[in-house]
Amino acid sequence: MTLLSSGQAPLSSSVSVPARSKTLVDARGGISSTFVSALVEILGSVGTVEQLISHPAGSVVTLCANRPSAEWYFADGFTGADSLNHIVLTNPYSDSTVVDVAFVTKESTREPSRLHGFVIPPRSVVALNMADEGARNEPVVAVEVHASAGKLVVGRSQHYLGDGRLGYTMALGASGASSEWWFAAGEKLDGNTEQLVILNPDR
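Residues numbered from 1 in each chain as written. Predicted model: local features only at pLDDT ≥ 70, side-chain atom pairs only at ≥ 80, totals over all residues. Heavy atoms only, no water.

Focus on the sheet that holds strand β2 (residues 11-12)
The strands making up a sheet are joined through hydrogen bonds of the backbone, oriented either antiparallel or parallel. Ordered by their spatial adjacency, three strands build an open sheet running β2-β1-β3, and the pairing between neighbours is antiparallel. Of all the strands in the sheet, just β2 and β3 (37-39) have a single pairing partner and so form its edges. Pairing of strand β1 (residues 2-4) with β2, which is carried by two bridges, proceeds in the antiparallel orientation. By the bridge assignment, leucine 3 is partnered in β2 with leucine 11. (Pairing = 2+ DSSP bridges. Helix = DSSP H or I, 4+ residues; strand = E, 2+ residues; numbered from the N terminus.)

With respect to the pattern of salt bridges
Enumeration according to the criterion identifies seven salt bridges in this entry. A salt bridge links aspartate 26 to arginine 28, with the shortest nitrogen-to-oxygen separation between them at 3.1 Å. Given a relative accessible area of 44%, aspartate 26 falls into the partly exposed group. One salt bridge in this structure joins glutamate 194 and lysine 188, with 3.4 Å as the shortest N-O distance. A relative accessible area of 68% places lysine 188 in the exposed class. A cluster of three or more residues bridged by salt bridges with shared partners is formed by Asp82, Asp132 and Arg136. (Salt bridge = Lys/Arg side-chain N within 4 Å of Asp/Glu carboxyl O. Buried < 20%, exposed > 50% of the residue type's maximum accessible area, 1.4 Å probe, protein only.)

Observations regarding the environment of threonine 34
Structurally, the position occupied by threonine 34 is in the loop between β2 and β3. Relative accessible area serves as the criterion here: at 73%, threonine 34 is assigned to the exposed category. A C-alpha to C-alpha distance of 8.3 Å links threonine 34 and serine 5, two positions 29 residues apart in sequence.

Structural notes on unusual backbone geometry
The phi torsion of most residues other than glycine is negative, and most of the peptide bonds are trans. Not every positive phi belongs to a glycine, and asparagine 137 is a case in point at roughly 55°. Mapped onto the secondary structure, asparagine 137 falls in the loop between β11 (124-129) and β12 (142-149). For asparagine 137, a relative accessible area of 41% gives the class partly exposed. Of note, aspartate 163 is a non-glycine position whose phi angle comes to about 55°, a positive value. Overall, aspartate 163 belongs to the exposed group, its relative accessible area being 58%.

Description of the nonpolar core
Counting 20 residues, the largest nonpolar core has Ile87, Leu89, Val99, Leu128, Val143, Val145 and Val154 as the members making the most contacts within it. Among the elements of the structure, β6 (71-74), β7 (84-91), β8 (97-104), β10 (116-120), β11 and β12 are those that each provide at least two residues to this core. Apart from the residues within four sequence positions on either side, valine 143 is in contact with Trp72, Tyr73, Phe74, Ile87, Val101, Ala102, Phe103, Met130 and Leu199. By size, the runner-up hydrophobic cluster in this structure holds five residues, among which are Tyr73, Ala142, Ala174 and Leu199. (Core = buried A, V, L, I, M, F, W, Y, C linked by side-chain atoms within 4.5 Å. Contact = heavy atoms within 4.5 Å.)

Brief notes about the sheet that holds strand β14 (residues 165-172)
If you trace the four strands from one edge of the open sheet to the other, you get β11-β7-β13-β14, paired in antiparallel fashion. The open sheet has two free edges, formed respectively by β11 and β14, since each of these has just one partner strand. Ignoring which end each strand starts from, the neighbouring axes of this sheet average 15° apart. Bridge analysis of strand β13 (residues 153-162) against β14 gives eight bridges, and the strand direction is antiparallel. From the neighbouring strand, histidine 159 faces β14, where its bridge partner is tyrosine 168. (Axes fitted to C-alpha atoms, helices over the stretch in contact; angles between N-to-C directions.)

Re the side chain of serine 124
Residue placement: serine 124 occurs in strand β11. Those residues in contact with serine 124, other than ones at most four positions away along the chain, are Ser5, Leu89, Thr90 and Asn91.

Overview of the packing of aromatic side chains
Enumeration over the complete set of coordinates arrives at one aromatic pair. Centre to centre, the rings of phenylalanine 78 and tyrosine 160 are 5.9 Å apart; their planes meet at 45°, and the pair counts as tilted. With phenylalanine 78 in the loop between β6 and β7 and tyrosine 160 in strand β13, this residue pair connects regions lying 82 residues apart in the sequence. Look at tyrosine 160 and you get buried, because its relative accessible area is 10%. The ring of phenylalanine 78 has arginine 165 lying over it, and the distance from NZ or CZ to the ring centre is 5.0 Å. (Phe/Tyr/Trp six-rings, centres within 6.5 Å; stacked < 30°, edge-to-face > 60°. Lys NZ or Arg CZ within 6 Å of the ring centre and 35° of its normal.)

Here it is, written out as structure tokens:
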């Protein structure tokens, strides 16, 4: 397991997982960065990995990516009531990755010049606070990440702080657009609401 962060050298360690069992590993590893990404390489067998985050606003379990991609999409994001929406970009390779980042609000599509040709250093993590990038107090913030050089893995850290949304989530982005999407479950309890947020990335 290799831990990647910002401003600190990668940290690698070995973990043994017995047959037909699971192992919990601290993915912080003593790193002081706010965001830490993990690269897990299973040697001599196969397996699955999930990420468990315990946050003061709630715990969340999310799937991992099993390969980097040159494009990533997030249909739903939220910065209302000064909620925190961070797009977390991880470059696991020994060469820099260059990306273009655009986002869509209810009013417009924006392509900040600072995020055009944005460089992710080798084996590092960069987190973009979408409010700081011009999407402050937005009820919907969809994000597109396109790599013009290299590939990467992109997730979203979302802390909801009001305007009808509270809690915390960490989610992996979609590693490509598609004509079909499937949801295995939905919760229909009294008092719940459920929406599907659809992003059309075509220009």
